[in-house]
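Residue strings, one per chain:
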Amino acid sequence: MEKPVILTGIRSNGELTLGNYLGAIKPLIKMQAMHAGEYQINMFVPDLHSFTTPVEHNLLYENTLNNLKIFVASGLDINNSDTYIYRQSFISSHTELTWILDCFIYFGELNRMTQFKEKSDGKESVSVGLFNYPALMTADILLYDAKYIPVGEDQRQHIELARDVAIRINNQFGSIFTIPEEWNQQLSFSNLHQGIRIRSLKHPEAKMSKSIDDPSGTILLTDNPQDAAKKIMSATTDSLGHINYDFKLQPGVSNLLQIIALLSDRTIEEVTIEWQNQTNYGELKKVAADLVGSLLSELQGKVKSIDQSTILDKLTQDEESMRAVAAAKLYKIQQAVGLRQK
Ligand code: AQP
């Protein structure tokens, strides 16, 4: 029997942030360590998704390869025979399936997506690509029959859409797609009680994001560790004067507790108990700054030692394998909708 698939991707629309690392890269690497052998792991770069918001097009190709280096430096074992890395645009079935799915996804569904609303808010012109982002993501997931998709909380609605669309198509045409697990199952598979959402250090009510211009609120994985520590030391907190994990009342403090828990591999409960009712925000920031500084120093050291040609060889090999898998799935749905003979 084929192994169940775990799939995740990160756009290369900018430099990766601490939010990407804690919300997507680290959970995937943990999963690889826990489940290699039992599951197939697809770690891909959605390079087509990368310009649903404006990017520096002359940097996109290199950014994709740099991101892959960061995954490897973070601990992704690309020599593991169940792990595949690939670029979305190198497998044309992704875009072909998207068109078919577009005809089974309702306008209202895409129009309700929080990410679309947030990213289009206040913009004079918004691309159709941004609107259709979740349909392409649904294709990314369904082409490979992915069951588990470890992503941050911000992607929850998109996973739910992929699940709804798989159910809708299977109901109409028979069993074509594997149905991704429900959100709560996704969380328990990652050993989480709730989705991870790292906030901006300056504006802790908003998520830390690579496409929003918020330099003092965002830690880039390429930041100099001393500069990153300074950003944490000047993070926005509050004037309540005690430390509690409560995103409504104390978003800045809670964000720091969350960063500490994730970087020290402890639960948020353990970290909260340690700090509960303490009053020294400076101490809390210092602990977070030290952990982030160590992460960045270690990661940046490893990135330097990674040989790009090994990554390119692995990409070429895996893209060929995944092209065949994706084409076979595409053919099934083409037959179902009447584009190919049954
Ligand atoms: N702040 C965050 N906290 C937790 N997880 C996060 N992710 C992103 N930001 C945070 C997770 O990282 C993965 C990358 O997703 P993406 O790059 O494909 O798209 P995105 O969700 O739009 O991520 P970004 O980095 O915030 O990009 P921009 O700024 O362009 O929107 C996903 O698993 C996401 O959940």
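Before reading further, recall that the structure is shown in the block above.
Since the structure is predicted, the reported quantities are computational estimates derived from the model, not experimental observations.

A. Broad picture of the overall build of the chain. Helices and strands together make up the secondary structure of the chain, namely 13 helices and four strands. Here the C-alpha atoms of the chain give a radius of gyration of 20 Å, agreeing with the 20 Å that 2.2 N^0.38 yields for 342 residues. By its C-alpha atoms, the chain is 70 × 45 × 40 Å across when sized along the principal axes. Relative to its full complement of 342 residues, the chain shows a buried share of 52%. Across the chain, contacts joining residues at least 24 apart in sequence account for 75% of those joining residues at least 6 apart.

B. Up close: unusual backbone geometry. A positive phi angle, near 55°, is found at Asp-145, a position not held by glycine. On the secondary structure map, Asp-145 appears in the loop between helix H6 (128-142) and strand S4 (146-148). Under the relative-accessibility criterion, Asp-145 is labelled partly exposed at 24%. Although it is not a glycine, Asp-265 adopts a positive phi angle of roughly 55°. Structurally, the position occupied by Asp-265 is in the loop between helix H10 (251-263) and helix H11 (268-275).

C. Local environment of empty space enclosed by the protein. On inspection of all chains with the given rule, the structure shows three cavities of 30 Å³ or more. Size it by volume and the largest cavity reaches roughly 520 Å³. As for the largest cavity, its lining consists of 34 residues, and the residues nearest its centre are Gly-9, Asn-20, Asp-154, Gln-155 and Lys-207. Elements represented by at least two residues in the lining of the largest cavity include exactly strand S1 (5-9), helix H1 (18-35), helix H5 (114-120) and H6. For the lining of the largest cavity, the class distribution of residues is 14 nonpolar, 13 polar and seven charged. Each pocket or cavity is described by its volume, and for the second largest cavity that value is around 90 Å³.

D. The layout of surface pockets, seen in detail. One number sums up the size of the largest pocket: a volume of about 590 Å³. Contributing to the lining of the largest pocket are 22 residues, with Asn-191, Leu-192, Leu-262, Arg-266 and Thr-267 lying nearest its centre. When residues in the lining of the largest pocket are grouped by element, the largest group, six residues, is from H1. For the lining of the largest pocket, the per-class residue count stands at 10 nonpolar, seven polar and five charged. Considering only enclosed or pocket space, the second largest pocket measures out at about 390 Å³ in volume. Taken together, 15 residues line the second largest pocket, and the ones lying closest to its centre are Glu-2, Lys-3, Val-5, Tyr-144 and Asp-145. In terms of residue class, the lining of the second largest pocket is built from seven nonpolar, two polar and six charged.

E. The pairing of S1, seen in detail. Within S1, four of the five residues are buried, which leaves it mostly tucked inside the rest of the structure. Note that S1 and strand S2 (residues 40-45) share five bridges and pair parallel. The residue bridging Gly-9 from the neighbouring strand is Phe-44, located in S2.

F. Structural detail: the side chain of Thr-8. Looking at the element boundaries, Thr-8 is found in strand S1. In this structure Thr-8 comes out as buried when scored by relative accessible area, which is 2%. Of note is the side chain of Thr-8, whose polar atom sits 2.7 Å from the backbone oxygen of Pro-150.

G. How the structure looks around the packing of aromatic side chains. Following the criterion strictly, the structure yields nine aromatic pairs and no others. Note on Phe-104 and Phe-173: the rings are 5.8 Å apart at their centroids and 80° apart in plane angle, and the pair reads as edge-to-face. In this pair, Phe-104 is assigned in the loop between helix H3 (93-102) and helix H4 (107-111) and Phe-173 in helix H7 (residues 156-173), connecting sequence segments 69 residues apart. Given a relative accessible area of 27%, Phe-173 falls into the partly exposed group. Summarising the aromatic geometry, the rings of Tyr-245 and Phe-247 are spaced 5.5 Å apart at their centres and angled 75° between planes, so their arrangement reads as edge-to-face. Put simply, the rings of Tyr-39, Tyr-148 and Phe-189 pair up and form one aromatic cluster.

H. Main features of the pattern of salt bridges. Scanning the entire structure with this criterion turns up 14 salt bridges. Here Asp-82 makes a salt bridge to Lys-3, at a shortest N to O gap of 3.1 Å. Here the residue Asp-82 occupies a position in the loop between helix H2 (57-74) and strand S3 (83-87), and Lys-3 occupies one in the segment before S1, the gap between them amounting to 79 residues. Lys-286 serves as the salt-bridge partner of Asp-290, at 3.0 Å between the closest nitrogen and oxygen. Here Asp-290 and its partner Lys-286 are both found in helix H12 (residues 281-304), four residues apart, which amounts to about one turn of the helix.

Scoring rules and cut-offs
Residues numbered from 1 in each chain as written. Predicted model: local features only at pLDDT ≥ 70, side-chain atom pairs only at ≥ 80, totals over all residues. Heavy atoms only, no water. Helix = DSSP H or I, 4+ residues; strand = E, 2+ residues; numbered from the N terminus. Rg over C-alpha atoms; globule rule 2.2 N^0.38 Å. Buried < 20%, exposed > 50% of the residue type's maximum accessible area, 1.4 Å probe, protein only. Contact = heavy atoms within 4.5 Å. 1 Å grid on protein atoms, 1.4 Å probe; cavity = no way out; pocket = protein on both sides within 12 Å on 5 of 7 lines; lining within 4 Å. Points joined across faces, edges and corners; volume = space filled by probe spheres on them. Nonpolar A, V, L, I, M, F, W, Y, C, P; charged D, E, K, R; others polar. Pairing = 2+ DSSP bridges. Polar contact = N/O pair within 3.5 Å; in protein donor to acceptor, adjacent residues only side chain to side chain. Phe/Tyr/Trp six-rings, centres within 6.5 Å; stacked < 30°, edge-to-face > 60°. Salt bridge = Lys/Arg side-chain N within 4 Å of Asp/Glu carboxyl O.

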